[in-house]
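The primary structure of each chain is shown beneath.
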Amino acid sequence: MKVFDLLCANDHRFEGWFASGTDFERQRDTGIIACPLCGDSHVVKVPAASYVNTGASDRSPKAEPAEPTPEQTQYANIRSAMLAKVVEYVVKNTEDVGRDFPEEARKIHYGESPERKIRGTASQDEVTELRDEGIDVVPLPITIPAGKSH
Ligand SMILES: [Zn+2]
């Protein structure tokens, strides 16, 4: 079983128990998961790990799909609103270590630095290396696009 920190659209934080990450996604997509405080089912998982911004330009952009359907657009809007919440949460609850991220994540993992949540930047290669060492790193688009209208 896995415990996930979850966040609803109204900023309520609660815990959910799931067999796996896939199990969580399946339950979320079918709307089974609801916030215990307000019943909202637009729930996102707040990764309980360190956060890293790998930068958007590391990979060649994938071809954009043709015209999304209104449903897809609505879903994408919900997703981006929820993502913004996660980013906000991360910024509030983690220490920014910037480019020292890979080193600091290792120190925390090996007990050389105090256990805490951190965020920072790392390359895709560094993220892969950290994961190879068993360090849980969650890539997150920390940069929130400015001036986006609702
Ligand atoms: Zn709620």
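The structure presented is a predicted model; accordingly, all values stated were derived computationally and were not measured.

Rules behind the numbers
Residues numbered from 1 in each chain as written. Predicted model: local features only at pLDDT ≥ 70, side-chain atom pairs only at ≥ 80, totals over all residues. Core = buried A, V, L, I, M, F, W, Y, C linked by C-beta atoms within 7 Å. Buried ≥ 20, exposed ≤ 12 C-beta atoms within 10 Å, placed from the backbone. Helix = DSSP H or I, 4+ residues; strand = E, 2+ residues; numbered from the N terminus. Contact = placed C-beta atoms within 7 Å. Pairing = 2+ DSSP bridges. Axes fitted to C-alpha atoms, helices over the stretch in contact; angles between N-to-C directions.

Chemist: What exactly am I supposed to notice about the nonpolar core here?
Modeler: Within soluble globular proteins, side chains that are nonpolar tend to cluster in buried spots. By size, the foremost hydrophobic cluster in this structure holds nine residues: Val-52, Val-97, Phe-101, Ala-105, Ile-118, Ala-122, Val-127, Leu-130 and Val-137. Of all the elements in the fold, those that place two or more residues in this core are helix H3 (101–109) and helix H4 (124–132). Beyond its immediate sequence surroundings of up to four residues, Phe-101 is in contact with Val-52, Ile-118, Gly-120, Thr-121 and Ala-122. The next biggest cluster of nonpolar side chains, apart from the first, holds seven residues, and it includes Leu-6, Ile-33, Val-43 and Val-44.

Chemist: Help me out: how do you make sense of the sheet that holds strand S3 (residues 44–46) in this one?
Modeler: To summarise the sheet geometry, strands pair through backbone hydrogen bonds and adopt either a parallel or an antiparallel arrangement. On the basis of which strands lie adjacent, the open sheet formed by three strands has the order S2-S1-S3 and antiparallel pairing. The open sheet is flanked by strand S2 (13–18) and S3, the only strands paired with a single partner. Each strand axis lies, on average, 50° off the axis of its neighbour in the sheet, ignoring direction. Both strand S1 (residues 2–7) and S2 contribute to a ladder of six bridges, which runs antiparallel. Of the residues in S2, the one forming a bridge with Asp-5 is Glu-15. The strands that helix H2 (residues 70–93) touches are S1 and S3; relative to S3, the one it contacts most, it runs at about 15°.

Chemist: How should the pairing of S1 be read in this particular structure?
Modeler: From the end of S1 to the start of S2, which pair antiparallel, there are five residues, and Asp-11 there has a positive phi angle of about 70°. Direction of pairing for S1 relative to S3: antiparallel, over a ladder of three bridges. Counterpart to Asp-5 in the pairing with S3 is Val-46.

Chemist: Would you mind going over unusual backbone geometry with me for this structure?
Modeler: Here the phi dihedral of Asp-11 falls at roughly 70°; this positive angle occurs in a residue that is not glycine. Summarising the element assignment, Asp-11 is placed in the loop between S1 and S2. According to the C-beta neighbour criterion, Asp-11 is partly exposed, with 13 such atoms within 10 Å.

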